[in-house]
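# Coordinates in review
Each chain is listed here by its residues.
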Amino acid sequence: MLVQHGECTATELGEPFASAQPTISKHIKVLEIAGLVTRRVDGRIHRFRMNERRLVEAETWLSRHRELWRHALEELGDVLDDLQEGGRQ
Amino acid sequence: MSEASNELRFQRVYPARRDLVFRALTEPELISRWFFPSADVTMRVDAFDLRVGEAYRFIYSFTDGAISRVTGKFLEIEPPSLLAFTWTWEPPDPHAGVETIVTFRLVDLNDSTELTVEHKRLPEAYRRIFTEGWPQTLLHLHHALSKRTRDDAR
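Presented here is an overview of the structure given in this document. (Residues numbered from 1 in each chain as written. Chains lettered and ligands numbered in written order. Predicted model: local features only at pLDDT ≥ 70, side-chain atom pairs only at ≥ 80, totals over all residues. Heavy atoms only, no water.)

Helix and strand content of chain A: three helices and three strands. Put simply, chain A runs from its N terminus to its C terminus through helices and strands in the order β-α-α-β-β-α. In chain A, which comprises 89 residues, the share counted as buried stands at 42%. Sequence-distant contacts, at least 24 apart, represent 31% of the contacts inside chain A between residues at least 6 apart. Just so you have it, chain A exposes about 5000 Å², and 49% of that area is on carbon and sulfur atoms. (Helix = DSSP H or I, 4+ residues; strand = E, 2+ residues; numbered from the N terminus. Buried < 20%, exposed > 50% of the residue type's maximum accessible area, 1.4 Å probe, protein only. Contact = heavy atoms within 4.5 Å. Areas by Shrake-Rupley, 256 points an atom, 1.4 Å probe, with all protein chains shown as cover.)

A separate point is the sheet that holds strand β3 (residues 45-50) of chain A. Residue and element names in this part refer to chain A. Taken together, three strands build an open sheet; the order of strands is β1-β3-β2 and the sheet is antiparallel. The open sheet is flanked by β1 (7-9) and β2 (37-42), the only strands paired with a single partner. Across the sheet, the mean angle from the axis of one strand to that of its neighbour is 35°, orientation sign disregarded. (Pairing = 2+ DSSP bridges. Axes fitted to C-alpha atoms, helices over the stretch in contact; angles between N-to-C directions.)

Under the counting rule described, the total for this entry stands at 16 aromatic pairs over all chains. Seen in terms of ring centroids, Tyr-56 of chain B and Phe-74 of chain B are 5.7 Å apart; in terms of plane orientation they differ by 50°. Their pairing is tilted. Here Tyr-56 of chain B, found in strand β3 (residues 55-61), pairs with Phe-74 of chain B, found in strand β4 (residues 67-78); they are 18 residues apart in sequence, far enough to count as distant. Like Phe-74 of chain B, Tyr-56 of chain B is buried. A ring pair is formed by Phe-85 of chain B and Phe-104 of chain B, whose centres lie 5.7 Å apart and whose planes are at 55°; its orientation type is tilted. Placement of the pair is Phe-85 of chain B in strand β5 (residues 82-89) and Phe-104 of chain B in strand β6 (residues 100-109), with a sequence separation of 19 residues. Each member of the pair, Phe-85 of chain B as well as Phe-104 of chain B, is classed as buried. An aromatic cluster of at least three residues, connected via ring pairs, comprises Trp-69 of chain A together with Trp-34, Phe-35, Phe-48, Tyr-56, Phe-58, Tyr-60, Phe-74, Phe-85, Trp-87, Trp-89 and Phe-104 of chain B. (Phe/Tyr/Trp six-rings, centres within 6.5 Å; stacked < 30°, edge-to-face > 60°.)

What is shown is where atoms sit, not what they do.
So this is what it looks like as structure tokens:
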């Protein structure tokens, strides 16, 4: 399975997943549209390669900002509690 | 509707009056007490001119000495209901130059306040992923592919 090259076919990509091949192909298409994957057509075989820079950007943007908001909005609750207690005294 | 649309969206209910929540969102000394990503990051409000078209700037300091700055301009200010501003990290942040928009909406909910946060106008590449759904499966696929790519680079 661990082929030492960066390109692989849709079938190879689908191997680790339980999903049906058409589902995998659909997912790959989404990645491709998003610029995360590039496709090279080699006769009848389509080979895919990761656009790693885009991938890292997308993943980190999402997780970073999600975490920021989750934490910040929790802290906001504490600040509001403090303000209310202060107001009652 | 799930969150897997073209934006990050959060909704929280705080047992506080709406004007107080709005103050916490718009007063620099209060903002610096909550608007940071983790407990070990300190945040300083470097600029905050709360007028439409004017700017704010936040500086985040990390324990390893790294600093990140985010800046933007106020787009809409309607106390105590709405606040919208642009959000752009400054270089050398990895997300520098990506202009996004944050919107806070506040609604009365009995004696509490419901706050809705939207962070949107993400770059096309991110937007597509959100709108198409299946983020978890996609993430697994990313990992499978990126492993291949890294193996290839060796």
